[in-house]
Amino acid sequence: MILTSRRRAQAGRSHRARRRILQVFVVLVLVAGTSACSQEGPRVPGNGCPATSGPGLIRGTAPDGQVFFVTNPGNCSAQAYTYTGERTVGRLIFPPCVEACSKPAIAPDGSVPSALTKPSALVSSIWAPDSRRMCGFLNGYVRPIRVGWFDVRAPQHLHISVFPSLFGHLPTSSYSLRSCDVTADRAVVTAESTSPYVDAVAVVSLAKRKVLFQRDFTGTAAGLVTTVAVAPNGLDMAIQHADQPPPPKSSPAPVSCSPGRKAGRSFTMCELPSPPAMPPETPTQADLYALRPTPHPIGRIAGKSIVGWSGDGSRLITWARHGPTGIGDVVEVLRATDGHVIWQSTSMFNTAATAPGVPSLAIQTYDPTRHTTTIHLIDTLGRTNRLDAAGQLLPIQ
């Protein structure tokens, strides 16, 4: 009788424990919500994520400040570094399984909320540089263009600015919010027919609901394409023009077919030829603008493609492409004020990591001749540390 009672008590405790575990699991699922790929976790996430095609750089935060993560192909392991190349330890914020997400909601400072609830009427949400607010278009890509923003701690309070005349003369119906700095009262909006090329760009004041700057590129010469790059601080912008060469002329390759047999039935398998490689765009010029106090030009870069900014807007990342294979390419870091080159690498540009207010850069490049990937950590003076694709420190050459 006593044994039976103990068993019943043990069974009751086990049942209650299972219920608590189930309740916790349900709570975690509900908290994850729309950001199932983002949660606070330890320095090295668990396994179970799909294999990646290559290493990546992901912004993050640590108790001592800004870091970036080097993710390894094939698993979910990651190592965090400061922008000076120091490995960090302790609890960090890293979005596990970020490889499986097409657009992870990573804040500019690298912090990732466990749950992110946004108004359903807001689409194409992007982070403000302060990592506290998010912005987006209200009710989709319709005119008049309405920009809404909210504090992630109070998503029920949605602020809206309407711009009735913005892009009203353009036939395009697709728009992008390139940056949205609520604190600085600046947002950059573009209209485009074919991404990433823009038909027009505008800088607006959210508080005054006023268009401060607008440029239309629909009447440019045939083959000339325009792109826009905004610095992570939301206060600097590059408008870049380049010649898009026509596709190479070549006779169609023959279709390769071979007979086969499966399950007693004959069939013919044909392999379509690969399309010819497109030649790279030929950069012509990029005009640089500061967006405060009012948008105004600050310089021009010629003959190079701008692929990124440092977090504080003081440095530019440029890429001069010389062929579809990447051989002969040059990646550089320039001072935005005078175009002075402070760092250079003869390789292909892959990706970069920085954060608002951070002048240093982590740039990942690929050498097609050696088939090696390198991560360069570049400070404001151009001094460099190097990591390999696995995050190991390399000797300075």
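Our structure's up above, just so we're on the same page.
Along every chain, residues carry numbers that run from 1 in the direction the sequence is written. Local features in this predicted model are restricted to residues whose pLDDT is 70 or higher, and side-chain atom pairs enter the listing and the counts only when it is 80 or higher, whereas totals over whole chains, interfaces and linings include all residues. Where side-chain values are given, they derive from all heavy atoms of the structure, hydrogens and water being excluded.

Looking at the pattern of salt bridges
Only one rule defines a salt bridge in this text: a Lys or Arg side-chain nitrogen within 4 Å of an Asp or Glu carboxyl oxygen. On inspection of all chains with the given rule, the structure shows 10 salt bridges. Each of Arg 132, Asp 151 and Arg 153 takes part in salt bridges that share partners, so that together they form one network.

Some details on the pairing of strand E24 (residues 372–378)
The classification of residues rests on relative accessible area computed with a 1.4 Å probe and restricted to protein chains. Under 20% of the type maximum is buried, over 50% is exposed, and intermediate values are partly exposed. Secondary structure is summarised from DSSP: a helix means a run of H or I of at least four residues, a strand means a run of E of at least two, and numbering begins at the N terminus for each. Buried residues dominate E24, accounting for 6 of its 7 residues. Strands were regarded as paired on the criterion that DSSP finds at least two bridges between them. Here 7 bridges tie strand E23 (residues 361–367) to E24, and the two strands are oriented antiparallel to one another. Across the sheet, residue Thr 365 finds its bridge partner in E24, namely Thr 374. Counting the residues that bridge the hairpin from E23 to E24 gives 4 residues, and of these His 371 lies at a positive phi of roughly 60°.

Things to note about the pairing of strand E4 (residues 122–127)
By the bridge criterion, 4 bridges tie E4 to strand E5 (residues 133–138) in an arrangement that is antiparallel. Directly across from Trp 127, in E5, lies its bridge partner Met 134. Hairpin connection, E4 to E5: the antiparallel pair is bridged by 5 residues, and Ser 131 has positive phi, about 60°.

What to know about the nonpolar core
Take the buried Ala, Val, Leu, Ile, Met, Phe, Trp, Tyr and Cys residues and link them wherever side-chain atoms come within 4.5 Å; each set so joined is a nonpolar core. In this structure, Phe 137, Ile 145, Val 147, Leu 166, Phe 167, Leu 177 and Leu 206 are the most contacted members of the largest nonpolar core, which totals 20 residues. If you list the elements that add at least two residues to this core, you get E5, strand E6 (145–151), strand E8 (174–181), strand E9 (186–192) and strand E10 (200–205). With residues up to four places along the chain from it excluded, the contact list for Leu 177 reads Ile 126, Cys 135, Gly 136, Phe 137, Val 147, Ala 187, Val 188 and Val 189. The contact definition used throughout considers only heavy atoms, calling two residues in contact when any of these lie within 4.5 Å.

Details of unusual backbone geometry
Note that the residue after Arg 292, namely Pro 293, is joined by a cis bond; omega there is 5°. Topologically, Pro 293 is positioned in the loop between strand E16 (282–290) and strand E17 (296–302). With phi around 60°, Phe 167 is a residue other than glycine that occupies positive phi space. One can find Phe 167 in the loop between strand E7 (154–163) and E8. Of note, His 371 is a non-glycine position whose phi angle comes to about 60°, a positive value. Turning to its location among the elements, His 371 is positioned in the loop between E23 and E24. According to the relative accessible area criterion, His 371 is exposed, its value standing at 60%.

As for the environment of Gly 140
Relative to the assigned elements, Gly 140 resides in the loop between E5 and E6. Sequence spacing of Gly 140 and Ala 121 is 19 residues, and the spatial spacing of their C-alpha atoms is 7.7 Å. In contact with Gly 140, not counting residues within four places along its chain, are Ala 121 and Val 123.

A short note on the side chain of Gln 240
When you line up the elements, Gln 240 lands in strand E13 (residues 236–243). By relative accessible area, which is 9% here, Gln 240 ends up buried. Within the local environment of Gln 240, its side chain forms a polar contact with the backbone nitrogen of Ile 306, the two atoms lying 2.5 Å apart. By the criterion applied in these results, polar contacts are pairs of N or O atoms within 3.5 Å in which, for protein atoms, one can donate a hydrogen and the other can accept it, and in which residues neighboring in sequence qualify only through two side-chain atoms.

Here we look at the packing of aromatic side chains
Pairs were defined over the aromatic rings of Phe, Tyr and Trp, the Trp ring being its six-membered one, requiring ring centres within 6.5 Å. Orientation was assigned from the angle between planes: stacked under 30 degrees, edge-to-face over 60, tilted for the rest. Counted by the stated rule, this structure contains 5 aromatic pairs. Between Phe 68 and Tyr 81, the ring centres sit 5.9 Å apart and the planes meet at 25°, which makes this aromatic pair stacked. Of this pair, Phe 68 sits in strand E2 (residues 65–71) while Tyr 81 is found in strand E3 (residues 78–81), placing the two residues 13 residues apart along the sequence. In this structure, Phe 68 and Tyr 81 share a single accessibility class: buried. These aromatic residues form a ring-pair network of at least three members: Phe 68, Tyr 81 and Tyr 83. We call a charge positioned over a ring when the NZ of a Lys or the CZ of an Arg lies within 6 Å of the ring centre and within 35 degrees of the ring normal. Taking the ring centre of Trp 319 as reference, the NZ or CZ of Arg 321 above it sits at 4.9 Å.

A short note on the sheet that holds strand E25 (residues 384–388)
Here we have 5 strands laid out as an open sheet, ordered E22-E23-E24-E25-E26, and antiparallel in their pairing. The sheet is open, and its two borders are formed by strand E22 (348–353) and strand E26 (393–394), each paired with just one other strand. Here 5 bridges tie E24 to E25, and the two strands are oriented antiparallel to one another. Its bridge partner being in E25, Ile 378 is matched across the sheet by Thr 384.

Overview of the state of the cysteines
Criterion for a disulfide: a pair of cysteine sulfur atoms at a distance within 2.5 Å. In the structure shown here, the tally under the stated rule is 1 disulfide. Disulfide pairing places Cys 135 opposite Cys 180 at an S-S distance of 2.1 Å. Taking the sign of the torsion about the S-S bond as the criterion, the disulfide between Cys 135 and Cys 180, at about -75°, is left-handed. With Cys 135 in strand E5 and Cys 180 in strand E8, the pair connects residues that are 45 residues apart, well separated along the chain. Looking at Cys 135, the relative accessible area reads 0%, which means it is buried.

Quick word on the sheet that holds strand E11 (residues 210–216)
Taken together, 4 strands build an open sheet; the order of strands is E8-E9-E10-E11 and the sheet is antiparallel. Since the sheet does not close on itself, it has two edges, and those belong to E8 and E11, each with one partner. Sheet twist, expressed as the average angle between the axes of neighbouring strands with direction ignored, equals 15°. Only the contacting stretch of a helix is used when fitting its axis, a line to C-alpha atoms as for every element, and angles between N-to-C directions run 0 to 180 degrees.

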